[in-house]
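Descriptive analysis of the structure
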Amino acid sequence: MSDIESAAGAEPVAEQPKSAPADRATAGPLDESEANPVRPYVDLGGVKVLPREGLHLRLEVEEGSKRVVAVGLDYANSTLQVQPFAAPRSSGLWHEIRLQIAEQIARQGGTTTVREGAFGPELLAQVPVAATDSAPGHMRLARFVGVDGPRWFLRGVIAGEAAVEPNAAAQVEDLFRSIVVVRGTTPMPPRDLIPLRMPTGAAGGPAR
């Protein structure tokens, strides 16, 4: 279960404005209704990803339920994890969720800083990683970004070079912009994960 879904039972707060780039509807992340229907997207259910040179795609699966809970994208010596969530039509989720993520990281012993990024406010986080038999515990740098769209919210977690290096950051931000969210027409409570699935086309290739 994602951090967002686990926080779904939290006390409701006043409606928050949407947080998104001013040019989101043309430059992305896009709603399915805004995307070019002839582009060769990889269809993963709740999101579509445009293939590009050097991009490797992974699906993250919850052990118990075998449910796909996130899409992992390896690109530009970095990783981008994306998750699409249902959201209200008129209000946004990112301002509230950003605070909850910061609280969760603080409880784990990490730190966060809010800064203005390519998509609006984002969290720059030092996230503790537990020690294993082969590696000592350490802090991992990550960027938490979020965009409120029409009836959906898209969260991204950026790690690797794109968390610190401007050129890699620009490439991964462009990748996040290229994501298309497929909200669908099924009624869903806000914060529910929009269902993700394996590609319907050839493995790793564009859906047909």
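Up top you'll find the structure we're talking about.
Report follows, based on the coordinates.

Scoring rules and cut-offs
Residues numbered from 1 in each chain as written. Predicted model: local features only at pLDDT ≥ 70, side-chain atom pairs only at ≥ 80, totals over all residues. Heavy atoms only, no water. Pairing = 2+ DSSP bridges. Helix = DSSP H or I, 4+ residues; strand = E, 2+ residues; numbered from the N terminus. Axes fitted to C-alpha atoms, helices over the stretch in contact; angles between N-to-C directions. Contact = heavy atoms within 4.5 Å.

1. A closer look at the sheet that holds strand β2 (residues 42–43)
Two modes of strand pairing occur in sheets, parallel and antiparallel, and in both the strands are linked by backbone hydrogen bonds. One open sheet accounts for four strands, arranged β1-β11-β3-β2; its pairing is mixed. In this open sheet, the two strands that pair with only one neighbour each are β1 (30–31) and β2. The pairing of β1 with strand β11 (residues 180–181) spans two bridges and is parallel. Each residue of the ladder has a partner; that of Leu30, found in β11, is Val180.

2. Thoughts on the sheet that holds strand β6 (residues 78–86)
Taken in spatial order, the seven strands make up an open sheet running β4-β5-β6-β10-β9-β8-β7, and their pairing is antiparallel. In this open sheet, the two edge strands, each paired with only one partner strand, are β4 (56–61) and β7 (111–117). Across the sheet, the axes of successive neighbouring strands diverge by a mean angle of 25°, strand direction being ignored. Note: β6 against strand β10 (residues 152–160), nine bridges, orientation antiparallel.

3. Considerations on the environment of Pro88
As for its placement among the helices and strands, Pro88 is situated in the loop between β6 and α3 (94–107). Taking the C-alpha atoms as reference, Pro88 lies 9.4 Å from Gly149; in sequence the two are 61 residues apart. What Pro88 contacts, discounting residues up to four positions off in sequence, is Lys18, Leu93, Arg151 and Pro190.

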